[in-house]
Amino acid sequence: VKKILIANRGEIAVRIIRACREMGISPVAVYSECDRAALHVRLADEAIAIGPSAPGESYLRIDRLIDAARAAHADAVHPGYGFLAENEDFADACSDAKLVFIGPTPAAIALMGSKTAARAVATRAGVPVVPGTGEPVPVGASDEDIARAAAEVGYPLLVKAVAGGGGKGMRTVAEASDLAHAVRAARSEAQTAFGDAAVYFERRLIRPRHIEVQLLGDTHGTVVPFVERECSIQRRHQKVVEETPSPVVSPDLRAAITGAAAAVARAAGYTNAGTIEFLLDASGAFYFLEMNTRLQVEHPITEMVTRSDLVRWQIRIARGERLDLDPRDALTPIGHAIECRIYAEDPDNNFLPSPGRILALRPPSGPGIRDDCGAVAGADVPIFYDPLVSKLIAWADDRPRAIARMQRALGEYLVAGIRTTVPFFRWLLDQPDFLEARFDTTYLDAVLAARGGRPFLEPSADVEDIAAMAAVLHTALASSTARPDAAPGDAGAKRWKAQARAEGLR
Amino acid sequence: VQYEVEINGRIRQVAVSRSEGRITVTIDGRAFAVDPVRVDSQSWSLIVEGARGLREERGSQGQARVFDVTVTPDAVTGQLTVCVGATPVMVGVNGRRRRGASDDGAHAGGGPQKIVAPMPGKIVRVLARAGDAVAVRQPLVVVEAMKMENELRATRAGTVGEIHVREGQSVDAGTLLVVIQ
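In this text the structure is predicted, and so the values were computed from the model without any measurement.

Here's the deal with the sheet that holds strand S7 (residues 168–173) of chain A
All names here are of chain A.
Turning to step 1, where the next piece is worked out: If you trace the 3 strands from one edge of the open sheet to the other, you get S7-S6-S8, paired in antiparallel fashion. Single-partner strands in this sheet number two, and they are S7 and strand S8 (199–203). Strand-to-strand twist across the sheet, computed as the mean angle between neighbouring axes with direction ignored, equals 30°.
Turning to step 2, where the next piece is worked out: Taken together, the 5 bridges between strand S6 (residues 157–165) and S7 define a ladder with antiparallel strand orientation. Looking across to S7, one finds that leucine 158 is bridged to threonine 172.
Turning to step 3, where the next piece is worked out: Contacting S6 and S8, helix H7 (residues 143–153) crosses the sheet at an angle of about 25° to S8.
Turning to step 4, where the next piece is worked out: On the sheet, helix H8 (residues 179–194) packs against S6, S7 and S8 and is oriented at approximately 165° with respect to S7.

So, empty space enclosed by the protein
Turning to step 1, where the next piece is worked out: Tallied over the full model, the rule gives 3 cavities of 30 Å³ or more.
Turning to step 2, where the next piece is worked out: Volume-wise, the largest cavity comes out at about 210 Å³.
Turning to step 3, where the next piece is worked out: If you trace the largest cavity, you find 17 residues lining it, with Arg235, Gln238, Tyr343 and Glu345 of chain A together with Met148 of chain B closest to the centre.
Turning to step 4, where the next piece is worked out: Put simply, the parts of the chain that give the lining of the largest cavity at least two residues each are strand S12 (238–244) and helix H14 (422–428) of chain A together with strand S13 (148–153) of chain B.
Turning to step 5, where the next piece is worked out: Looking at side-chain class alone, the lining of the largest cavity contains 9 nonpolar, 3 polar and 5 charged residues.

Observations regarding helix H4 (residues 88–96) of chain A
Residue and element names in this part refer to chain A.
Turning to step 1, where the next piece is worked out: Taken residue by residue, H4 has Phe90, Ala91, Ala93 and Cys94 as its buried positions. For H4, the arc enclosing every buried residue in end-on projection is 160°, short of the 170-degree limit, so these residues lie on one face.
Turning to step 2, where the next piece is worked out: In this structure, the buried residues of H4 make contact with helix H3 (62–71), strand S4 (76–78), strand S5 (100–101) and helix H5 (106–113).
Turning to step 3, where the next piece is worked out: Among the residues of H4, the N-terminal cap falls to asparagine 87, whose side-chain oxygen and the backbone nitrogen of aspartate 89 are separated by 2.8 Å.
Turning to step 4, where the next piece is worked out: Where H4 ends, the next residue or the one after it, lysine 98, has phi of about 60°, a positive value.

Some thoughts on the packing of H7 of chain A against H8 of chain A
Residue and element names in this part refer to chain A.
Turning to step 1, where the next piece is worked out: Two elements in contact, H7 and H8, have axes whose closest approach is 10 Å; the angle formed by their N-to-C orientations is 100°. In terms of orientation, H7 and H8 fall into the roughly perpendicular class. In this structure, H7 uses Asp143, Ile146, Ala147 and Ala150 to contact H8, whose residues at the interface are Leu179, Ala180 and Val183.
Turning to step 2, where the next piece is worked out: When the residues that make up the contact of H7 with H8 are grouped by side-chain class, the tally is 6 nonpolar, no polar and 1 charged.

Focus on the packing of aromatic side chains
The geometry of an aromatic ring pair comes down to the distance between the two centres and the angle between the two planes.
Residue and element names in this part refer to chain A.
Turning to step 1, where the next piece is worked out: What the rule picks out here adds up to 14 aromatic pairs over all chains.
Turning to step 2, where the next piece is worked out: Between the aromatic rings of phenylalanine 90 and phenylalanine 101, the centroid separation amounts to 6.0 Å while the plane-to-plane angle is 90°, which identifies the pairing as edge-to-face. Residue phenylalanine 90 is found in helix H4, and its partner phenylalanine 101 is found in strand S5; the two are separated by 11 residues along the sequence.
Turning to step 3, where the next piece is worked out: Phenylalanine 101 gets classed as buried once you look at its relative accessible area, which sits at 11%.
Turning to step 4, where the next piece is worked out: Between the aromatic rings of phenylalanine 424 and phenylalanine 425, the centroid separation amounts to 5.1 Å while the plane-to-plane angle is 55°, which identifies the pairing as tilted.
Turning to step 5, where the next piece is worked out: A residue is classified by how much of its surface remains accessible, and phenylalanine 424, at 1% relative accessible area, is buried.
Turning to step 6, where the next piece is worked out: Residue classification places phenylalanine 425 among the buried positions, given a relative accessible area of 0%.
Turning to step 7, where the next piece is worked out: Through a chain of ring-to-ring contacts, three or more aromatic side chains come together here, namely Phe351, Phe424, Phe425, Trp427 and Phe456.

Things to note about the nonpolar core
A general feature of soluble globular proteins is that nonpolar side chains tend to end up buried together.
Turning to step 1, where the next piece is worked out: Grouped together as the largest cluster of nonpolar side chains are 90 residues, with contacts concentrated most on Phe424 and Leu428 of chain A together with Leu177 of chain B.
Turning to step 2, where the next piece is worked out: In terms of residue count, helix H1 (residues 10–22) of chain A provides more of this core than any other element does, 6 residues in total.
Turning to step 3, where the next piece is worked out: The residues touching leucine 428 of chain A, leaving out its near neighbours within four places in the chain, are Ile233, Val241, Phe434, Tyr443 and Leu444 of chain A.
Turning to step 4, where the next piece is worked out: Grouped together as the second largest cluster of nonpolar side chains are 33 residues, Tyr3, Val14, Val25 and Val34 of chain B included.

Rules used throughout
Residues numbered from 1 in each chain as written. Chains lettered and ligands numbered in written order. Predicted model: local features only at pLDDT ≥ 70, side-chain atom pairs only at ≥ 80, totals over all residues. Heavy atoms only, no water. Pairing = 2+ DSSP bridges. Helix = DSSP H or I, 4+ residues; strand = E, 2+ residues; numbered from the N terminus. Axes fitted to C-alpha atoms, helices over the stretch in contact; angles between N-to-C directions. Contact = heavy atoms within 4.5 Å. 1 Å grid on protein atoms, 1.4 Å probe; cavity = no way out; pocket = protein on both sides within 12 Å on 5 of 7 lines; lining within 4 Å. Points joined across faces, edges and corners; volume = space filled by probe spheres on them. Nonpolar A, V, L, I, M, F, W, Y, C, P; charged D, E, K, R; others polar. Buried < 20%, exposed > 50% of the residue type's maximum accessible area, 1.4 Å probe, protein only. Arc of directions from axis to C-beta. Polar contact = N/O pair within 3.5 Å; in protein donor to acceptor, adjacent residues only side chain to side chain. Parallel < 35°, antiparallel > 145°, perpendicular 65-115°, else oblique. Phe/Tyr/Trp six-rings, centres within 6.5 Å; stacked < 30°, edge-to-face > 60°. Core = buried A, V, L, I, M, F, W, Y, C linked by side-chain atoms within 4.5 Å.

As structure tokens, this is what we get:
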């Protein structure tokens, strides 16, 4: 593999470019109309336009991506996450075009990509699954049939997209009267996000934790699971904070849950990077939830505590190399890592998307900090794609120090022009329940509802004074810069403006 | 030079003066000696003296306190966003107020309520028709942006007056969608 086409955008495309560079592989970017000047394009060796901004006309167009790979004479394709990463037709099309698909086989994607088929695999591997419908709810099913299927599963339940992931196409239903509306909404969102409107029902466990196991499988039959990730901090089923190791997983539980994950992967004949998600209930019992047949957004925290490079491994496995890492190292975390997903959302306005131009950006750095960012100052966060701008990762010797380090980094994270979730994280990482690791997947939605929309950052009177001072100084000097000779009558004011400007430029 | 500065609904009178090479900023009668140095077109390093109480929460009692500030225009509100360190503060200078305060129907008082698009996006569904009676928090319009569907709900009970958008239409932030009488 000498040249890799990266069929993605944003921070993950940048992440893959970096792995390519370190391996002496030439990275090829693709871009839609609005991404011409995006960071992933600017960092690549070559870049190929693949169509208009709407993902359905560019990043989801298999034909154009294959054409782009051919035009660039790439010999492999990395799909990243999202878009076509879990699309078996894309993996198939790559192999038809004699391109190495850096991911699992099309058969494994198809098998584990269907949530209902994946549950059957887990059951065959002897791993318990969350109770739910064995088959998808038929698209043409009547409201009565839907209600009957739901009643068999029991309330509260989740309506989930068969092709789903990342909380898209998912709805919680507390009682039967909400069911029809939720099924329609989930189908519509699933159709938009995945091109597949099929949904199924799953019982909602009481206060579960979301624990997941990263694994790698090579093409020689070796499967290596990694230390678990704790991803229970979710807003509307979307992970916002991940950490590893989980503060509640004992060595025995780690051995059991990672062993179960490896068993499911082997049963699926799985190769390359993947993640098996479990729900862990209060009694310590765990249930298979689903498998993500791709690199995960949160893969960096695993890299930080196991000193591994998962993207590099993906490429090595795709080249047919053997997984020669020591499995004990993969299960022995060094220190603790936390990730905050910095989204272009306004936390003080019910987390509404906040696309737009980034006017200023100064990411944090320093000891133990990693910022996987796909944005730069001056660039737009487009309305067409996921609102993830950056992933901020903090590593330290233990959890309290990792949290302190993350707080320090969040305090340095300057973003202007768009709203981001940085202020929300500064609040969250200060909550006693978070500090004590007393949470489950319902925690965040519950505390957010209880807050009732109060702003996350309430600047002190002192900070407001400084803001007022800065706004006035900036306004005074900006206007004097724009019209140096047209300042109003007061000669003194004119003089200090000119002097201040001169000082400002010194 | 005198400015009227609004932060969080509170107006401050801010004046800037210069004498003997020193810049003084007076906020509601409290004077601060400031050394402002421009770092780039929107960033400043301020060293502020004479501000008793400032930064006490950070344990600094020193006389020359450093603030890193970045001033950018806010596209949605027309105000300035001033980041003090990484803490953003919305600031209106000389009457530039939050448009939302009177126009977006965020409060549930009397009178017609205007539901506006809170961000750019695409109208996926219109769930109400003109003349419909709606309850408070009833979903009216679904806007999709950044792959997420966002339900915009009625801010009060009433009757749907006019629907200003249709399904499939792209809207900018602030576009009027629905009026509830």
